[in-house]
Amino acid sequence: MKNSPAAKPAKSQAIRSSVGEKLFQAINIVIFVLLGLTTVFPFLNLIAKSFSSEAAVVSGMVTLFPIDFQVGTYKYVASSSMFLNAFMVSVTVTVIGSFLALFMTTLAAYPLSKPRLRGRKFFILMYLFTMLFSGGLIPTYLLIHSLGLIDKLPVLFLPFMISVYNMLIIKSYFESLPEGLEESAKIDGASNMTILVRIVLPLSLPVLATITLFYAVQFWNDYFTSLLYINSSSLKPLQLYLKELFVSSTDTFLRDNVEANLNVSPQSIQAASIMLATLPILLVYPFLQKYFVKGVLIGSVKG
Amino acid sequence: MLKKSIAVLSISAMTAALTACGGGGGSASGTNAPSASPGATAGASKPKPEFKALMQYGRFDPNEQVVAKLLNEKTGYKVTYDMLPVENPDDKLNLLMANKEKYSFMILSATQYSKLAASGALEPIDELVNKYGTNLKNVISQNSWNGAKLNGKIFGIPQTGSGTVVNSSLVIRQDWMDELGLKMPTTRDELYNVMKTIKEKKNVMALSGGKSPLAPEILPTFGLPMTTAALGWEEVNGKLVNAVENPNMKKYLEFMRKLYSEKLIDQEWSLNQSNKVIENFTSGKAAMMSMGYFNAPTVKTALEKNTPTAKIGTVPYLKGDDGKVRVVGTAGISFYVGIPKWAENKEEIIKYLDLKLDKDIHKEATIGKEGVHHKVENGNYIPILPKFTEDYNDASGFLTGVDEKNYPIYWQARVRKDPVLFSAFESNQANAKGSAVLDPLSFAPPLEAVGKYNQKLNKLVEDTFLKYITGAEPLENYDKFLAQWKADGGDEMTKAVNEWYASTKK
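On a predicted model such as this, the values are computed, not experimentally measured, just so you know.

1. Concerning the overall build of chain B
Turning to step 1, where the next piece is worked out: Summing up its helical and strand segments, chain B has 19 helices and 17 strands in all.
Turning to step 2, where the next piece is worked out: Here the C-alpha atoms of chain B give a radius of gyration of 26 Å, agreeing with the 23 Å that 2.2 N^0.38 yields for 506 residues.
Turning to step 3, where the next piece is worked out: Dimensions along the principal axes, computed over C-alpha positions, put chain B at roughly 75 × 60 × 55 Å.
Turning to step 4, where the next piece is worked out: Within the structure as shown, chain B displays about 22500 Å² of accessible surface, and the carbon and sulfur contribution to it stands at 51%.
Turning to step 5, where the next piece is worked out: In chain B, which carries 62 positive and 57 negative side-chain charges, the distance between the mean positions of the two groups comes to 1 Å.

2. Points about the overall build of chain A
Turning to step 1, where the next piece is worked out: Secondary structure summary: chain A contains 15 helices and zero strands in total.
Turning to step 2, where the next piece is worked out: Compactness check: chain A gives a C-alpha radius of gyration of 25 Å against a globular reference of 19 Å for 303 residues, more than 25% above the reference.
Turning to step 3, where the next piece is worked out: Overall, chain A is about 75 × 70 × 35 Å in size when its C-alpha atoms are taken along their principal axes.
Turning to step 4, where the next piece is worked out: In chain A, of all internal contacts separated by at least 6 residues, the share reaching a separation of at least 24 is 73%.
Turning to step 5, where the next piece is worked out: Element-wise, carbon and sulfur atoms account for 71% of the exposed surface of chain A, whose accessible area totals about 16800 Å².

3. Considering the interface of chain B and chain A
Turning to step 1, where the next piece is worked out: If you look at the interface, chain B gives 49 residues, while chain A gives 45 residues.
Turning to step 2, where the next piece is worked out: Taking both partners together, chain B and chain A bury about 4100 Å²; carbon and sulfur atoms supply 60% of that area.
Turning to step 3, where the next piece is worked out: Among the residues chain B hides against chain A, the three largest losses belong to B:R59, B:L95 and B:K305. Together they make up 15% of the total.
Turning to step 4, where the next piece is worked out: Joining chain B to chain A, the criterion identifies two salt bridges.
Turning to step 5, where the next piece is worked out: Across the contact surface, chain B and chain A share 13 residue pairs in polar contact (both at pLDDT 80 or more).
Turning to step 6, where the next piece is worked out: For the side of chain B that touches chain A, the secondary-structure elements that each account for two or more residues are α1 (2-36), β2 (78-83), α3 (89-98), α11 (274-282), α12 (296-306), α16 (407-415) and α18 (448-470) of chain B.
Turning to step 7, where the next piece is worked out: Residue composition of the side of chain B that touches chain A, by class: 21 nonpolar, 14 polar and 14 charged.

4. Some thoughts on the nonpolar core
Residues and elements named next belong to chain B.
Turning to step 1, where the next piece is worked out: Counting residues in hydrophobic clusters, the biggest one holds 154 residues, and the most contacted among them are Y81, F105, M106, Y293 and Y352.
Turning to step 2, where the next piece is worked out: Those residues in contact with Y352 that lie beyond four places of it in its chain are F51, L71, T75, Y77, V79, Y81 and F105.
Turning to step 3, where the next piece is worked out: In terms of nonpolar packing, the next biggest core, distinct from the first, is built from 61 residues, I172, V194, I198 and L318 among them.

5. Some remarks on the sheet that holds strand β12 (residues 312-314) of chain B
Residues and elements named next belong to chain B.
Turning to step 1, where the next piece is worked out: Taking strand neighbours across the sheet as the criterion, the four strands line up as β8-β11-β7-β12 in an open arrangement whose pairing is mixed. A strand with exactly one partner marks an edge of an open sheet, and here the two such strands are β8 (205-208) and β12. Averaged over all adjacent pairs, the angle separating strand axes in this sheet is 30°, with direction ignored.
Turning to step 2, where the next piece is worked out: Pairing of strand β7 (residues 168-173) with β12 involves three bridges; the strand directions are antiparallel. Note that in β12 the partner of R173 across the bridge is I312.
Turning to step 3, where the next piece is worked out: Contacts between α12 and the sheet are confined to β7, β11 (286-292) and β12, with β11 contributing the most and set at about 155° to the helix.

6. A look at the sheet that holds strand β1 (residues 50-55) of chain B
All names here are of chain B.
Turning to step 1, where the next piece is worked out: Ordered by their spatial adjacency, five strands build an open sheet running β2-β1-β3-β14-β6, and the pairing between neighbours is mixed. Strands at the two margins of the open sheet, each flanked by one partner only, are β2 and β6 (156-160). Neighbour-to-neighbour, the strand axes of this sheet turn through a mean angle of 20°, independent of strand direction.
Turning to step 2, where the next piece is worked out: Of the strand pairs in this sheet, β1 and strand β3 (residues 105-108) are connected by two bridges, and their pairing is parallel. Paired with L54 across the two strands is M106, which belongs to β3.
Turning to step 3, where the next piece is worked out: Contacting β3, β6 and β14 (333-338), helix α4 (residues 110-118) runs over the sheet at an angle of about 130° to β3.

7. A word on the packing of aromatic side chains
All names here are of chain B.
Turning to step 1, where the next piece is worked out: Scanning the model with the defined rule gives 32 aromatic pairs over all chains in all.
Turning to step 2, where the next piece is worked out: By way of ring pairs, the aromatic residues Y293, F294, W411, F422 and F425 are connected into one cluster.
Turning to step 3, where the next piece is worked out: The cationic tip of R188 hangs over the ring face of F222; the distance from NZ or CZ to the ring centre is 3.7 Å.
Turning to step 4, where the next piece is worked out: Between the NZ or CZ atom of R188 and the centre of the ring of F255, over which it lies, the distance is 5.5 Å.

8. Quick word on the UniProt feature "domain: ABC transmembrane type-1" (unreviewed entry) in chain A
Turning to step 1, where the next piece is worked out: Here, the residues flagged by UniProt with the feature "domain: ABC transmembrane type-1" (unreviewed entry) are residues 87-287 of chain A.
Turning to step 2, where the next piece is worked out: The distance separating the terminal C-alpha atoms of residues 87-287 of chain A is 21 Å; by composition the span is 71% helix and 0% strand.

9. Quick look at the environment of B:N203
Residues and elements named next belong to chain B.
Turning to step 1, where the next piece is worked out: Of note, N203 is situated in the loop between α9 (188-202) and β8.
Turning to step 2, where the next piece is worked out: For N203, a relative accessible area of 61% corresponds to the exposed category.
Turning to step 3, where the next piece is worked out: On a C-alpha basis, the gap between N203 and Y57 in space is 44 Å, while along the polypeptide they are 146 residues apart.

10. A short note on a nonpolar patch on the surface
Turning to step 1, where the next piece is worked out: Together, A:I29, A:V30, A:V33, A:L34, A:L37, A:V40, A:F41, A:L44, A:L64 and A:F65 give the surface a local cluster of nonpolar side chains, amounting to about 920 Å² of exposed area.
Turning to step 2, where the next piece is worked out: The residue A:L34 is located in helix α2 (residues 19-50) in this model.

11. Overview of the pattern of salt bridges
When their charged atoms lie close together, side chains carrying opposite charge are able to pair.
Residue and element names in this part refer to chain B.
Turning to step 1, where the next piece is worked out: Within the structure shown, the criterion is met by 24 salt bridges over all chains.
Turning to step 2, where the next piece is worked out: A salt bridge links D391 to K387, with the nearest nitrogen and oxygen atoms 3.2 Å apart. Placement of the pair is D391 and K387 together in helix α15 (residues 387-392), with a separation of four residues, close to one helical turn.
Turning to step 3, where the next piece is worked out: Judged by its relative accessible area of 10%, D391 falls in the buried class.

12. As for empty space enclosed by the protein
Turning to step 1, where the next piece is worked out: Here the structure, examined in full by the defined rule, presents five cavities of 30 Å³ or more.
Turning to step 2, where the next piece is worked out: Taken together, B:V67, B:L71, B:K356, B:L357, B:H362, B:A365, B:T366, B:A395, B:F398, B:L399, B:T400 and B:G401 form the lining of the largest cavity.
Turning to step 3, where the next piece is worked out: Residue assignment for the lining of the largest cavity shows that the elements contributing at least two residues are α2 (66-75) and α14 (359-367) of chain B.
Turning to step 4, where the next piece is worked out: Top element by residues in the lining of the largest cavity is α14(B). It accounts for three residues.
Turning to step 5, where the next piece is worked out: When the residues that make up the lining of the largest cavity are grouped by side-chain class, the tally is seven nonpolar, four polar and one charged.
Turning to step 6, where the next piece is worked out: Counted as a void, the second largest cavity has a volume near 60 Å³.
Turning to step 7, where the next piece is worked out: For the second largest cavity, the full set of lining residues is A:V89, A:S90, A:V93, A:L156, A:F219, A:D222 and A:P237.

13. Observations concerning helix α4 (residues 72-79) of chain A
Residue and element names in this part refer to chain A.
Turning to step 1, where the next piece is worked out: Within α4, burial applies to T73, Y74 and V77. Angular distribution of buried residues about the axis of α4 spans 95°; they occupy a single face of the element. Residues of α4 that are exposed and angled more than 90 degrees away from the buried face: K75, Y76 and S79.

14. Some words on unusual backbone geometry
Generally, phi is negative for residues other than glycine and the peptide bonds are trans, each holding for most cases.
Turning to step 1, where the next piece is worked out: The omega torsion of the bond from B:L385 to B:P386 falls at 0°, within 30 degrees of zero and hence cis.
Turning to step 2, where the next piece is worked out: Even without being a glycine, A:D151 presents a positive backbone phi close to 60°.
Turning to step 3, where the next piece is worked out: Here A:D151 lies in the loop between α7 (137-146) and α8 (164-176).
Turning to step 4, where the next piece is worked out: Positive phi, normally seen in glycine, also occurs at B:K263, with a value near 60°.
Turning to step 5, where the next piece is worked out: In this structure, B:K263 sits in the loop between α10 (248-261) and α11.
Turning to step 6, where the next piece is worked out: Given a relative accessible area of 46%, B:K263 falls into the partly exposed group.

15. Quick word on the pairing of strand β9 (residues 233-236) of chain B
Turning to step 1, where the next piece is worked out: The pairing of β9(B) with strand β10 (residues 239-242) of chain B spans four bridges and is antiparallel. When the sheet's bridge partners are listed, B:V236 is paired in β10(B) with B:K239.

Conventions used here
- Residues numbered from 1 in each chain as written.
- Chains lettered and ligands numbered in written order.
- Predicted model: local features only at pLDDT ≥ 70, side-chain atom pairs only at ≥ 80, totals over all residues.
- Heavy atoms only, no water.
- Helix = DSSP H or I, 4+ residues; strand = E, 2+ residues; numbered from the N terminus.
- Rg over C-alpha atoms; globule rule 2.2 N^0.38 Å.
- Areas by Shrake-Rupley, 256 points an atom, 1.4 Å probe, with all protein chains shown as cover.
- Lys, Arg positive; Asp, Glu negative; His and termini not counted.
- Charge placed at Lys NZ, Arg CZ, Asp CG, Glu CD.
- Contact = heavy atoms within 4.5 Å.
- Buried area = accessible area lost by both parts, 1.4 Å probe.
- Salt bridge = Lys/Arg side-chain N within 4 Å of Asp/Glu carboxyl O.
- Polar contact = N/O pair within 3.5 Å; in protein donor to acceptor, adjacent residues only side chain to side chain.
- Nonpolar A, V, L, I, M, F, W, Y, C, P; charged D, E, K, R; others polar.
- Core = buried A, V, L, I, M, F, W, Y, C linked by side-chain atoms within 4.5 Å.
- Buried < 20%, exposed > 50% of the residue type's maximum accessible area, 1.4 Å probe, protein only.
- Pairing = 2+ DSSP bridges.
- Axes fitted to C-alpha atoms, helices over the stretch in contact; angles between N-to-C directions.
- Phe/Tyr/Trp six-rings, centres within 6.5 Å; stacked < 30°, edge-to-face > 60°.
- Lys NZ or Arg CZ within 6 Å of the ring centre and 35° of its normal.
- UniProt positions renumbered as here; feature names shortened; annotations may be inferred.
- Patch = residues over 30% accessible without salt bridge, like charges linked within 9 Å, V, L, I, M, F, W, Y side chains within 5 Å.
- 1 Å grid on protein atoms, 1.4 Å probe; cavity = no way out; pocket = protein on both sides within 12 Å on 5 of 7 lines; lining within 4 Å.
- Points joined across faces, edges and corners; volume = space filled by probe spheres on them.
- Arc of directions from axis to C-beta.

Take a look at the structure:
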């Protein structure tokens, strides 16, 4: 708000601006549009490859538009049992994981947002501590092992129920809600739980949507956890499947495994696999976009 | 609430699916099969134990494979499989071993095998094999068994693969050769002249290639049959000497430097991945490339798509300076099958691994049923498509030792699934007949020093050689490089290799 009076004259000046300034603006726009395009280009290239014939892809003919348009690659990937299995694992983990994580994170954030909680500082400190320090890879592995979670589906989401960072965002959002709301509800005889469920949560939809998105993206894109803890092929999520698809086509891998050369998957199939693996999470964005900016902003600007 | 119940449901469904795989199937097929199978020995009334196996990475779900089911049914043992990951498999293996995961047997790479054996994680199997391994002893040669011996003891079954195979050869645009009236080169000098003419007349790079500075078709003409940068040993006066110490290596690098500076070879050699090389060749930017037979179908279709009149010719393996043709072949032990110290039922495990090499079981586990997956023509095994590919594409991942006489013949069914693939494979083998050279270390046991320094030296050699070829560093520095190579482990490796070599001659 403070900035707006200063910004206005600058704007009106811009209308009367010199040719030089206009040129500057134009060049700026061109440069930034080009910069933007460079980030879209690999994606378009991938789409084009996934719809092209393998022969065209191999000889480097495909750039932005498919050559010899076909959809056989998609049919092949979508009917491959390993892909479908990995897809189902990822969907299950993302849905269950984001829901549970949101639930747990909210339950942790709410009490911590109340100054009347005894030992609040201590608890917050405990949470922050885990953000900075962790046991390291091997102790964590041993812990997971003794919990009996190795090679079980829940290992992909149970250890990540609370991200302290996300919890703090929710917490500061809760703190920004007017205290009067809670007081009046209390006068009407509402319990803590009722206040949370009936009043606080409905008011916090933007931040909850944002955090859900954070969690969903995190679960969807995570491959490292499965790399460490999953041994069975039937429990491998999509990202691990993709990673394996690519690494097993690299020169280094093939040099050591000459026979694997006979089963390398074609580049067009690889492109189609990426597309099918990226699309679902990409489709979630537009629906949550409107909350997205609002949620993060409101949570962060407070104070 | 709804979401939560879905969550609970799917978790329980998952666990149900898991337990069903683990227990249900075993009791049904596991107990019935042994009494029916003729290979089973006495004591069949006792149910056979279930095994858990660890295998190398492959892009398939091992427990769903036809081969896995077939093996379970034929042997009567129920085996479930886990795989190592495709990246950093050694780290994962270390984790699993530190945890004493209950594996019955594990298919290990040479380095993994020697490390685990040295740390005492593997059970010596000499006696068990003597007692229960009739098939094992029959079909696996003494040469291979020697390659599994560490400090006088055998810790795993050596698994060789397809026999001696020559993977790549130089292919050239035959249509351009005809157009320019050029003859196929047979020596290095002729190759140089062909390259020069093509470059002048067609204005393209003559040879595309990438990453590895050791061109597998040119290097042997200097008398240096070297495969990977850190290996490549040769006997000189009864001692093994690495190719980097051979004075001819410098001459090779000089030659490559000349090709590079005259722009006859790919100017992006040091950056290219293999798909870039294929792209250059198939799009007509290059006249030659070194092609692995396994890439032949891709290369052919892509080239013909771009230039329907294009024809691919194969350059015969070139004569060396002494007039002899040398071709680098690959052979040797691909994997070792080890049993962890803490495994239960070790006798049964060996019995199982031995049973897998039973003539009929081994054959069916490799190439399937005759009439369903393959047919026999003139003693060759021809795959029946697409059934063969569907069921047996990944069968080699299940091998735990092979019949060294028959497997190389069975194996060719894999290559015959595509006529272009097979003709490229066969032409390589035919052209290399009588000239294929094997590294003396092919059947050596995994030597600790080699495992320790291989990667590091590989990188040193590749990086430095690429610099010499592209001119980023003058070749006069070769002595300095050699000194570093020796200091960085080359000397230790040479010592270890020669100690082993001397021990084989006794």
